[in-house]
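Close look at the chain arrangement
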Amino acid sequence: MRKTEINKIPGRVWVFGDYREYFQNRITLQLIAKARDLAETLNTGITVVLLGEQIHQYAMEYVAHGADTVMVADHSNLKEYEVETYTTVLAKWAKEYQPEIFLAGATSFGREFFPRLAKRLSTGLSADCVDLEVDPETSLLVQTTPSFGGELLAEVITPDRRPQMATVHPGIFREFPHNSEAIGRIIYPEVDVFSEPRVKVTRSRPQSKGKVSLEDASVVIAGGMGLGSKGQFELLNELAAILEGEVGATRPAILAGWADEDRLLGQTGKSVKAKLVISIGTSGALQYTTGIQGAETVIAINRDPNAPIFRIADLGLVADGKTVLPLLLETLRRRI
Amino acid sequence: MTESINIVVFIKQVPDVPSIRIDEQRMTIIREGVESIINPLDCVALQAALELREGQGGGNITAITMGPPQSEEVLREALAAGADQGILLTDPAFAGADTLATSHVLARAVSKLRQFPDLLLCGMQSIDSDTGHVGPQLAEELDLPQVCGVNEIHIDGKSLVLKRLSDGFVDTVRVSLPALLTVNKDLCPVRDLSLGEIEVAFSQREIIRWTSSDLNLQRDEVGLRGSATHVRKLRSPATRTGGKIVTGSPQTIVDTLIQKLESMSILDEEDGN
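Small disclaimer: the values here were computed from a predicted structure and weren't measured.

Overview of the overall build of chain B
Secondary structure assignment for chain B yields six helices and 15 strands. Computed over its C-alpha atoms, the radius of gyration of chain B comes to 24 Å, more than 25% above the 19 Å expected for a compact globule of 273 residues. Considering only C-alpha atoms, chain B reaches an extent of 85 × 45 × 40 Å along its principal axes. Classification of the 273 residues of chain B by burial places 52% in the buried group. A separation threshold of at least 6 residues defines the contact pool for chain B, and within that pool the share at least 24 residues apart is 70%. Carbon and sulfur atoms make up 48% of the accessible area of chain B, which amounts to about 12900 Å² in all. Distance between charge centroids for chain B: 6 Å, based on 25 positive and 39 negative side chains.

Regarding the nonpolar core
Across soluble globular proteins, nonpolar side chains have a tendency to be buried as a group. By size, the foremost hydrophobic cluster in this structure holds 59 residues, and its most contacted members are Phe16, Tyr62 and Trp93 of chain A. Non-local contacts of tyrosine 62 of chain A, meaning those with residues more than four positions away in its chain, are made with Gly17, Asp18, Tyr19, Tyr22, Thr28, Leu29, Ile32, Val48, Leu50, Ala67 and Val70 of chain A. Counting 39 residues, the second-largest nonpolar core is a separate cluster that includes Val44, Leu46, Ala78 and Val183 of chain B.

Points about the pairing of strand β6 (residues 59-66) of chain B
All names here are of chain B. Across the eight residues that make up β6, a large majority, six, are buried. Two strands pair when backbone bridges link them, and strand β1 (residues 5-10) and β6 are joined in this way by six bridges, in the parallel orientation. Within β6, the position partnered with valine 8 by the bridge is threonine 62. In terms of strand pairing, β6 meets strand β7 (residues 85-89) through five bridges, oriented parallel. Paired with threonine 65 across the strands is leucine 88, a residue of β7. With helix α2 (residues 72-81) bridging β6 and the parallel β7, this β-α-β connection has right-handed handedness.

Remarks on the interface of chain B and chain A
Chain B puts 81 residues into the contact, and the matching count from chain A is 80 residues. Roughly 7100 Å² is buried in total at the junction of chain B and chain A, and carbon and sulfur atoms are behind 57% of that figure. For glutamate 140 of chain B, the salt bridge goes to arginine 116 of chain A, with nearest N and O atoms at 2.8 Å. Viewed at the interface, chain A and chain B are joined by 39 residue pairs in polar contact (both at pLDDT 80 or more).

Let's talk about the packing of helix α5 (residues 108-120) of chain A against helix α4 (residues 134-141) of chain B
Interhelical geometry of α5 of chain A versus α4 of chain B gives an angle of 45° and a closest axis separation of 8 Å. Comparing the axis directions of α5 of chain A and α4 of chain B gives the class oblique. The element α5 of chain A and its partner α4 of chain B pack so that their crossing is right-handed. From α5 of chain A, Glu112, Pro115, Arg116, Ala118, Lys119 and Arg120 of chain A reach across to α4 of chain B, where they touch Pro136, Gln137, Ala139, Glu140 and Glu141 of chain B. Within the contact of α5 of chain A with α4 of chain B, the residues separate by chemical class into four nonpolar, one polar and six charged.

Focus on the sheet that holds strand β11 (residues 169-176) of chain B
Spatial ordering of the open sheet is given by β11(A)-β11(B)-β10(B)-β9(B)-β12(B)-β8(B)-β1(B)-β6(B)-β7(B)-β13(B), a layout of ten strands whose pairing is mixed. If you trace the sheet from one side to the other, it starts and ends with β11 (199-206) of chain A together with β13 (207-210) of chain B, each paired once. Ignoring strand direction, the axes of neighbouring strands in this sheet form an average angle of 30°. Of the strand pairs in this sheet, strand β9 (residues 146-156) of chain B and strand β10 (residues 159-166) of chain B are connected by six bridges, and their pairing is antiparallel. Bridge assignment links histidine 154 of chain B to a residue of β10 of chain B, and that residue is valine 161 of chain B.

Structural notes on the pairing of β11 of chain B
Pairing between β11 of chain A and β11 of chain B: seven bridges, direction antiparallel. Bridging across to β11 of chain B, valine 199 of chain A finds its partner in valine 175 of chain B. Where β10 of chain B meets β11 of chain B, eight bridges bridge the pair, whose relative direction is antiparallel. Counted as the bridge partner of serine 166 of chain B is phenylalanine 169 of chain B from β11 of chain B. The loop that links β10 of chain B with its antiparallel partner β11 of chain B comprises two residues; one of these, aspartate 167 of chain B, has a positive phi angle of about 50°.

A short note on the packing of helix α9 (residues 321-335) of chain A against helix α6 (residues 250-263) of chain B
Contact pair α9 of chain A / α6 of chain B: the axes reach a minimum separation of 9 Å and the direction vectors enclose 55°. Classed by the angle they form, the pair α9 of chain A and α6 of chain B counts as oblique. Crossing handedness for the pair α9 of chain A and α6 of chain B: right-handed. Contacts between α9 of chain A and α6 of chain B involve Thr323, Val324, Leu327, Leu328, Thr331, Leu332 and Arg335 of chain A from the first element and Pro250, Gln251, Ile253, Val254, Leu257, Ile258 and Glu262 of chain B from the second. Of the residues in the contact of α9 of chain A with α6 of chain B, the class split is nine nonpolar, three polar and two charged.

Conventions we followed
- Residues numbered from 1 in each chain as written.
- Chains lettered and ligands numbered in written order.
- Predicted model: local features only at pLDDT ≥ 70, side-chain atom pairs only at ≥ 80, totals over all residues.
- Heavy atoms only, no water.
- Helix = DSSP H or I, 4+ residues; strand = E, 2+ residues; numbered from the N terminus.
- Rg over C-alpha atoms; globule rule 2.2 N^0.38 Å.
- Buried < 20%, exposed > 50% of the residue type's maximum accessible area, 1.4 Å probe, protein only.
- Contact = heavy atoms within 4.5 Å.
- Areas by Shrake-Rupley, 256 points an atom, 1.4 Å probe, with all protein chains shown as cover.
- Lys, Arg positive; Asp, Glu negative; His and termini not counted.
- Charge placed at Lys NZ, Arg CZ, Asp CG, Glu CD.
- Core = buried A, V, L, I, M, F, W, Y, C linked by side-chain atoms within 4.5 Å.
- Pairing = 2+ DSSP bridges.
- Right-handed = clockwise from strand over helix to strand, strands pointing away.
- Buried area = accessible area lost by both parts, 1.4 Å probe.
- Salt bridge = Lys/Arg side-chain N within 4 Å of Asp/Glu carboxyl O.
- Polar contact = N/O pair within 3.5 Å; in protein donor to acceptor, adjacent residues only side chain to side chain.
- Axes fitted to C-alpha atoms, helices over the stretch in contact; angles between N-to-C directions.
- Parallel < 35°, antiparallel > 145°, perpendicular 65-115°, else oblique.
- Left-handed = near helix turned anticlockwise from the far one by under 90°.
- Nonpolar A, V, L, I, M, F, W, Y, C, P; charged D, E, K, R; others polar.

Okay, structure coming up:
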């Protein structure tokens, strides 16, 4: 494609296309859906920037999920996600095409490489945003980000510098369904990729076996210290199996060794957008409830009628989880 | 491999977040009566530096912090723990800095050191603002390679072999020195300081202080004026409103729950009873 044509790229809301573990990792699709809102307010379109080797299929996917344009850098040196190489390529594109907004998922990689990119572009970046909107009066991106361990939310703006950059907490926004009729442009601008990375990953192995991710589960059974013991907590697995859900946990339950770190819900863990969360023996600390706020329905079981969890639960059941859980399982087993 | 190592550890004084309270009217943090501490992950970075120095049979550890005059306390704690020198970057003009402006001041301080360090260590993120940006941005300004979230460090000649957890993978990483690492909590347990050591550090050691002019920084490069982001407003997290509360015998509770699951079509309805 000739340069004059590339310069006409309409989409000034950019999304970093992270296609690793595509079928589990939906963050890019969630960002495209949110970018649609932002782009409409700004009267522009969405461009997904996609770096890697032989990745055309993902470009097609992003169009089917709502991207107007996908800019692809296809090069063997981009096969590995590497901070400095990615920073160099994207800084060059951002300087040339001047996006208004640039979003990435708050994945480990996103949170490592976006700060470096923002610094090279001398612009602002907010971390792990839980909401984004364009202020219709100022046209500025309002980036809502948790601070003080989630006790407060800060609305951050980047008044003068561009692009306005943010990493976004996975699981907050809902992706658009796949539309194979969607029309978008996929372009391959020229890239220069230097290939002497100072950081080399020599080995990479999966941390744990792949369960359905908590973020994508439609039913989540969450437990906290009120369950009293690891044995009781493990009953949640049985309940989750019956209701076809996934188990989540509060920070104290994980510290007690009742569940693995990847089950953590809340501010420093995962946010769910489940149809239903059943929260058992959790008092409802803010650090935890931010992770379940996005559920359609929350049912809480706690023996303390004044527990804060009841202030966010659609249905509050005042009872001791330790008693109710075995009885519930027994009743459900009889039905099957 | 007994070459001495020269390490800089960046530390931040933060409020002890679990004990803060919110002024709901003014939407600010009530700092009164809240203890200030070293950001917990920065303690891990400091401990790692001490162990690396010991493993190499020598070296030099410099602790650097940027903040108001009272953040000198965290440097004294670092000295008590075993750091060789503490540098406080303090100037009223530094106030209100975002990570872009903060990393600029820190980078300038590193460049002013007599000897450029082999290794720069930061906590992976702070408990108050939680961004994790300063490490990578400092690495960018100093043109250093960076690795974030490190939980194992081995020195191998002029490079490091590291382990870190990243997006569900355990990576083994090799990086050349000099380099910047941010560390996570699994790197090493933090040793408690004895009170005696703290007293010595408080009474005897000199803290180096550098201001804007020592670092040759202009007003619009630092603090609020040098920042790209502004906090427009603080607010409480949006809350859901609570619904129906049901009390009763365990069986009543179980029945209510099952009814709700049926009405949501999560369980199939059962005929009869």
